[in-house]
Amino acid sequence: MSLAIPNGLDNTVERPGERAPLVLGETDYHEITETVCQVAERKPSTSWVIGFLVSFALLQWLGICILYLIYTGVGVWGNRSPIFWGWPIVNFVFWVGIGHAGTLISAILFLFRQEWRTSINRAAEAMTIFAVACAGTFPGIHVGRAWLAFWLAPYPSLNLWMWPQFRSPLLWDVFAVSTYGTVSLLFWYMGMVPDLATFRDRSKNKWRRMAYGILSLGWSGSSRHWMRYEKAYALLAALAAPLVLSVNTIVSFDFAVSQVPGWHTTIFPPYFVAGAIFSGFAMVLTLMIPSRKMLGLEKLITIRHLDNMCKIILATGSMVGLAYGTEFFIAWYGQVQEEKFAFINRAFGPYWWAYWTMVTCNVISPQLFWVKKFRTTPWIIFIITIFVNIGMWFERFVIVVTSLSRDYVPSAWAYFSPTWVDWSMLIGSFGLFMTLFLLFCRLMPVINMAETKSTLAKQIHLEEHGYGNH
Amino acid sequence: MSENNEKKVHGIVAEYTSVDSLLNACRRVRDAGYKKTDAFAPFAVHGIEKALGIKPTVLPWIVFGCGAVGAIVGLTMQIWMNSIDYPYIISGKPMISLPAFIPVAYELTILFAAFGAFFGMWALNGLPRFSNPIFTDPRFDRVTDDRFFLYIDAKDEQFDEAGVRQLFGDTGTEYIQTVVDDDSSSKVPKGFFIAWAAVIGLSVIPVLVVLKMRLTKSSLPRFHVFFDMDFSPAKDAQQTTTLFADGRAMRPDVAGTVARGDMLIDMDYMTGIDMEALTQVDARRAERLVRSFADPSPQQEGEQPPVADTEETSAPAEKTAEETGVQEEATGETESAAPAAAPSVMDTTPWLTQNPLPLNKQLLERGQTYFGIYCSVCHGLNGGGNGLVNRRAQKILATNWIPPSKLNQPTLAQDVYPDGKLFNTISNGIRKMPGYAAQITTRDRWAIVAYVRALQQSQNASINEVPAAEREAILKQQAEVKKQLEEQAAAEAAQANAEPGDN
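Since we're looking at a predicted model, the values are computed, not measured.

### Notes on the packing of helix α4 (residues 100-111) of chain A against helix α8 (residues 223-256) of chain A
Residue and element names in this part refer to chain A.
Now for step 1: Contact geometry for α4 and α8: axes closest at 8 Å, N-to-C directions at 130°. Compared by their axis directions, α4 and α8 come out oblique. Judged by the sense of rotation from one axis to the other, the crossing of α4 with α8 is left-handed. Contact residues: H100, T103, L104, A107, I108, F110 and L111 in α4; Y233, A234, A237, A238, A240, A241, V244, V247 and N248 in α8.
Now for step 2: A class-by-class count of the residues in the contact of α4 with α8 yields 13 nonpolar, three polar and no charged.

### Things to note about the interface of chain A and chain B
Now for step 1: Each side of the interface is counted separately: chain A has 62 residues, and chain B has 70 residues.
Now for step 2: With both sides pooled, the region where chain A packs onto chain B buries about 5,900 Å², and carbon together with sulfur makes up 66% of that total.
Now for step 3: If you sort the residues of chain A by the area they bury against chain B, A:W163, A:F166 and A:R167 come out on top, with a joint share of 15%.
Now for step 4: Close ionic contact of B:D38 with A:R224 constitutes a salt bridge, the shortest N to O distance being 3.8 Å.

### Notes on empty space enclosed by the protein
Residues and elements named next belong to chain A.
Now for step 1: As enumerated under the stated definition, the model contains five cavities of 30 Å³ or more in all.
Now for step 2: There is about 60 Å³ of room inside the largest cavity.
Now for step 3: Around the largest cavity, the lining residues are S119, A123, M288, S291, L295, L297, I301, F437, C441, V446 and I447.
Now for step 4: Residues of the lining of the largest cavity, tallied by class, amount to nine nonpolar, two polar and no charged.

### Overview of the side chain of A:N91
Now for step 1: Along the chain, A:N91 turns up in helix α3 (residues 86-98).
Now for step 2: For A:N91, a relative accessible area of 1% corresponds to the buried category.

### Here's the deal with the domain arrangement of chain B
Now for step 1: Taken domain by domain, chain B comprises domain 1 (2-180) and domain 2 (472-503).
Now for step 2: Taken over C-alpha atoms, the centre of domain 1 of chain B sits 107 Å from the centre of domain 2 of chain B.

### A short note on a nonpolar patch on the surface
Now for step 1: Taken together, the side chains of B:V188, B:F192, B:F193, B:W196, B:I200, B:V204, B:V207, B:L208, B:L211 and B:L215 present a nonpolar region at the surface, about 1,000 Å² in accessible area.
Now for step 2: Inspection of the secondary structure puts B:V207 in helix α7 (residues 190-215).

### Focus: the confidence of the model for chain A
Note that predicted coordinates carrying low pLDDT should not be read in detail.
Now for step 1: Scored by pLDDT, chain A has a mean of 86; 93% of the residues are at 70 or more.
Now for step 2: In this model residues 1-8 of chain A is a low-confidence stretch, pLDDT under 50, and it forms 13 contacts with partners more than four residues away in sequence or in other chains.

### Thoughts on the sheet that holds strand β1 (residues 9-16) of chain B
Residue and element names in this part refer to chain B.
Now for step 1: What the four strands build is an open sheet, ordered β2-β3-β1-β4; its pairing is antiparallel. Unpaired on one side and paired on the other, β2 (37-40) and β4 (175-180) mark the two borders of the sheet. The average angle at which neighbouring strand axes cross in this sheet is 20°, direction not considered.
Now for step 2: Where β2 and strand β3 (residues 148-153) come together, four bridges link them in antiparallel fashion. Bridge pairing in β3 places F40 opposite F149.

### What about the pairing of β1(B)?
All names here are of chain B.
Now for step 1: Most of β1 is tucked away, with seven of its eight residues classed as buried.
Now for step 2: Looking at chain direction, β1 and β4 are connected through six bridges and run antiparallel. Following the sheet pairing, G11 is matched in β4 by V179.
Now for step 3: Of the strand pairs in this sheet, β1 and β3 are connected by six bridges, and their pairing is antiparallel. Residue pairing across strands places G11 opposite D153, the latter belonging to β3.

### Side note on the packing of aromatic side chains
Now for step 1: Inspection of every chain in the model, using the stated rule, returns 69 aromatic pairs over all chains.
Now for step 2: Where A:Y271 meets A:F272, the ring centres are 5.8 Å apart and the plane angle is 85°; that geometry is what we call edge-to-face. Comparing A:Y271 with A:F272, the two get one shared label, buried.
Now for step 3: Members of the aromatic cluster, connected to one another through ring pairs, are A:F110, A:F187, A:Y189, A:W219, A:W226, A:Y229, A:Y233, B:F115, B:F118, B:F119 and B:W122.
Now for step 4: Above the plane of the ring of A:W48 lies A:R442, whose end atom (NZ or CZ) is 5.8 Å from the centre.

Calculation notes
Residues numbered from 1 in each chain as written. Chains lettered and ligands numbered in written order. Predicted model: local features only at pLDDT ≥ 70, side-chain atom pairs only at ≥ 80, totals over all residues. Heavy atoms only, no water. Axes fitted to C-alpha atoms, helices over the stretch in contact; angles between N-to-C directions. Helix = DSSP H or I, 4+ residues; strand = E, 2+ residues; numbered from the N terminus. Parallel < 35°, antiparallel > 145°, perpendicular 65-115°, else oblique. Left-handed = near helix turned anticlockwise from the far one by under 90°. Contact = heavy atoms within 4.5 Å. Nonpolar A, V, L, I, M, F, W, Y, C, P; charged D, E, K, R; others polar. Buried area = accessible area lost by both parts, 1.4 Å probe. Salt bridge = Lys/Arg side-chain N within 4 Å of Asp/Glu carboxyl O. 1 Å grid on protein atoms, 1.4 Å probe; cavity = no way out; pocket = protein on both sides within 12 Å on 5 of 7 lines; lining within 4 Å. Points joined across faces, edges and corners; volume = space filled by probe spheres on them. Buried < 20%, exposed > 50% of the residue type's maximum accessible area, 1.4 Å probe, protein only. Domains from an automatic or database assignment. Patch = residues over 30% accessible without salt bridge, like charges linked within 9 Å, V, L, I, M, F, W, Y side chains within 5 Å. Areas by Shrake-Rupley, 256 points an atom, 1.4 Å probe, with all protein chains shown as cover. pLDDT = per-residue confidence, 0-100. Pairing = 2+ DSSP bridges. Phe/Tyr/Trp six-rings, centres within 6.5 Å; stacked < 30°, edge-to-face > 60°. Lys NZ or Arg CZ within 6 Å of the ring centre and 35° of its normal.

In structure tokens:
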């Protein structure tokens, strides 16, 4: 255990009457600046270069596949009647779910004054934006004629003389995901401005200084600015919190508002939101465990942070498990034959392997986090979160494909098989995600320095003036 | 200091190394009565507003206002677009279906409020501001790292350089500096403007191209970026394909396909008319009949058929209805109403006298089935003319009802009403009866004809026509039925007598 924590201090132990330190080591403000800035200022490591080249190659492959798709038509996917949604929508819902942890950590944990969020929120927010970028790609190309995707926007068209249909959940989705992407981007960027100013002030290179100077908008650290900034941050957090909950609710409406057995259930909104947080946190941990090691951030992203995130995974994983059970119960209790069939078919039909993969990864594997040893050992967390990621992808596969492949009319049933394009696009979307994330690690402050310093200031204040007086 | 004297002095700044020392200095500066002061820190220092006397911001009201605008814009946009400008009903929802409009309005509320918070904050802070005199001191770079600065502006009423330096000196700072104007060149490099103009110019070109294409007319074919469905990938007749095993793009006809005009039609069988005889009597009519079966499309020739060709129908048999002239009421019970002078076309037509199909049990059973389905509702199962529809019509005293014929009446007997004529009646209808050519196949219509003949015979038969072997059983059965009927009649009579007494 002591190996995992550089200075040997275990901050996962609760001491009565004390707050566990969130910044470890004999640190000061300058050391925080140094620790975070060295990530971007030093020469890229070999592992970063290799990772970037692989991700970038996958991104190119995704681009080629999209061109091939647009040139040839959607027939290159495995989407066949009656499974018209197929993998593109599975991937969309998967990535939107991943995109939930960032804003949740930034907004909801901020509103609940969970200070441990400060050292992880930046990377998690970045992940949110990159995941939303991946998510937005899929419906954009799934519309068939991707070059007309702008028809989704309510603009006064000279060709159509008509407007989008606002009573459709698919259009709600457009507004929800684009609003979410925009607000997350504003939130992320606004949070970064003081740290970009740090980058600006440390730059030796003229061009670098100019670029960061423009990005940081002339931030001077004035206390008046800080006051309005803090207020704006709190307001954005208060706005983003209901937004996080609304996005996957609306994504779930895509399914729940339809009449398809297995989709038409009222449990979908809470179930999707819990699943999204679950998968988002899993992805945050999957990325953070290797990167904190590689980027040398163990003093700021401590074992206590990992421990806390594992607890959230345990809680949301259990909620997801409960939702699976509730769905089955309602299918039986509702006594609608199609609904009953849909669920029996999910678990014991031709896609039984997908269903039980999902249950194993999502319900059983997070239960290991009841054991503290597992919550505080990075490599174990890493493995479990990989399982959770796989499980959550399969959850969306199970929902989309099993319900569509066998609905009301048995003569229309079919079995879905993905093509190489489906596979390429799933893997390629990881290329897009990782490319953006790795660029972010090199170019942007990966940890919110200002907030971490503020946490440290409180820690110093408590040490100097004693606990309990504050 | 001498070179600084020529530049404009903006204020004086002092550096601190900890939050506590900064806060102490702030309080002292505030208590000394300075108003135009500011502190600079690498993070939001809590308590500094109080220490410096900074008023709260109006930002929350801006955000609230933006959110309200977002909600109103969201709702009015949807109502106007989906209910007023282009109204359409989806799944029976009302025109202004508020529940369905809530998600988008909700998202827009948050979006606008977030814009308000983001842009409002920068606007209130006066950012972006890239040139700031306070940045002239390289030491100030550490404000975003680990140092805290306190600043008193020269515009403050109490400002006096020596006095401020004195005050700062007492607060335990190690560094005091006068903030002077930024003397670096404020000229933006020319290359920047050139690049900017180039970007703007280049980005306008596609817009102009599109505008030109939209606003001008051209005789050239449309330029297709994407083909959409404008060009069909269909193959031509003689091309090859990999889709089918035989490699031919043009598919052979389905077995049994008959090309238009190539069908060999047995006209006698189709119309119930002896065509050879008709040709001798009325060649033109026979020719029209044949043509109407061979080519059901409207006739282009100048010659007009005797019956007005107003109703265009696709079914050949219905066409015949007009050709043969069933509209003229000529047969059945209304015979007396027929014009006496000119004989009806129904009487002059040389009908087939014999059913062209060979009579057998199978045919009769087929006829019985179809008679039961289509005819019995009016004519009754025994052909007595008292089917369910007729009974209902009698019950409600329908004034325009013409009772269906009793099929066993003498006027419909085979010798006066030939099989062909009966077939024609079934096909094209008569009086209230519609034609059934569209519903019943030709063969089945002939089967019905055969069955009707059998019915007629059965209704007018005597016991002597029954084979000797079955005669006895029938007689026995008849006696039983008769007895039952008598008993029933007696019981009904008794009840009828009793009823008035009860009342």
